[in-house]
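Here is what each chain is made of, one letter per residue.
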Amino acid sequence: SSAGVVAVYRDAQIGRPLRGSGYVSTPGSGREPLLATSWLSGKWDGRAPAGYTVLRGFFGGAFDEAILERGDADLVAEADATWARRFGVTGPPVLTRVVRWTRTSPQHEVGHAARVQAVTSALSGLPLADVAGSGFRAVGLPDVIADARSAMRGLLDRWRAR
């Protein structure tokens, strides 16, 4: 389970340059609770009007599900404090949203790839059957879409070869 905090700041509120597209924290004892941050306004055009920066941070995951018991305002304050330390953010965000995903992201265990390969091999003998999605070869939405497209290409190739 995880929660996402999206916050919009005026560019003038960001004290240090945001290079790249984000970061992922190392899980473990003593780490900050914010797992990752990306600056959406820097990743894709049109995500924010000129003069504004959109930050998106994630809490929770397998190592810290307890944080999700905290309220939305508390998560926003935690993200804001983290971004103040990391990027010199000053003042409150102009807009915030919190989105929660409860038990929706798979936690692939050791041996998962071999199990997926066994399923894929078993399905290859069936006419026009395959699997795709976050429970198999992908977790994030872009990867799930790419996995579905790849599975569909494979099915089309098998159909054409018939």
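Values in this document were obtained by computation on a predicted structure and should not be read as measured data.

Student: Can you break down the packing of aromatic side chains residue by residue, with the values?
Tutor: Evaluation of the coordinates by the stated rule reveals four aromatic pairs. Between Tyr9 and Trp83, the ring centres sit 6.3 Å apart and the planes meet at 85 degrees, which makes this aromatic pair edge-to-face. With Tyr9 in strand 1 (residues 2-10) and Trp83 in helix 2 (residues 72-87), this pair connects stretches of sequence that are 74 residues apart. With a relative accessible area of 0%, Trp83 lands in the buried category. Just above the ring of Tyr23 sits the side chain of Arg86; from NZ or CZ to the centre is 3.9 Å.

Student: Talk me through the nonpolar core; I want residue IDs and the actual numbers.
Tutor: Membership of the largest hydrophobic core comes to 18 residues, with the highest contact counts inside it found for Val5, Tyr9, Phe59, Trp83 and Phe87. Only strand 1, strand 4 (52-60) and helix 2 provide two or more residues apiece to this core. Setting aside residues up to four positions removed in sequence, Val5 forms contacts with Leu55, Arg56, Gly57, Phe59, Leu75, Val76, Ala79, Trp83, Arg97 and Val98.

Student: Describe the sheet that holds strand 1, listing the residues and the values that go with them.
Tutor: Across the sheet, which stays open at both edges, the five strands sit in the order 2-3-4-1-5 with antiparallel pairing between neighbours. What marks the edges here is a single partner per strand, and that holds for strand 2 (22-24) and strand 5 (95-101). Across this sheet, the average inter-strand angle for adjacent strands is 15 degrees, counted without regard to direction. One ladder, built from three bridges, connects strand 2 with strand 3 (residues 36-39); its direction is antiparallel. Of the residues in strand 3, the one forming a bridge with Gly22 is Ser38. Contacts from helix 2 reach strand 1, strand 2, strand 3, strand 4 and strand 5 within the one sheet, and its direction differs from that of strand 1 by about 60 degrees.

Conventions adopted
Residues numbered from 1 in each chain as written. Predicted model: local features only at pLDDT ≥ 70, side-chain atom pairs only at ≥ 80, totals over all residues. Heavy atoms only, no water. Phe/Tyr/Trp six-rings, centres within 6.5 Å; stacked < 30°, edge-to-face > 60°. Helix = DSSP H or I, 4+ residues; strand = E, 2+ residues; numbered from the N terminus. Buried < 20%, exposed > 50% of the residue type's maximum accessible area, 1.4 Å probe, protein only. Lys NZ or Arg CZ within 6 Å of the ring centre and 35° of its normal. Core = buried A, V, L, I, M, F, W, Y, C linked by side-chain atoms within 4.5 Å. Contact = heavy atoms within 4.5 Å. Pairing = 2+ DSSP bridges. Axes fitted to C-alpha atoms, helices over the stretch in contact; angles between N-to-C directions.

Without other data, these values stay purely geometric and don't point to any function.
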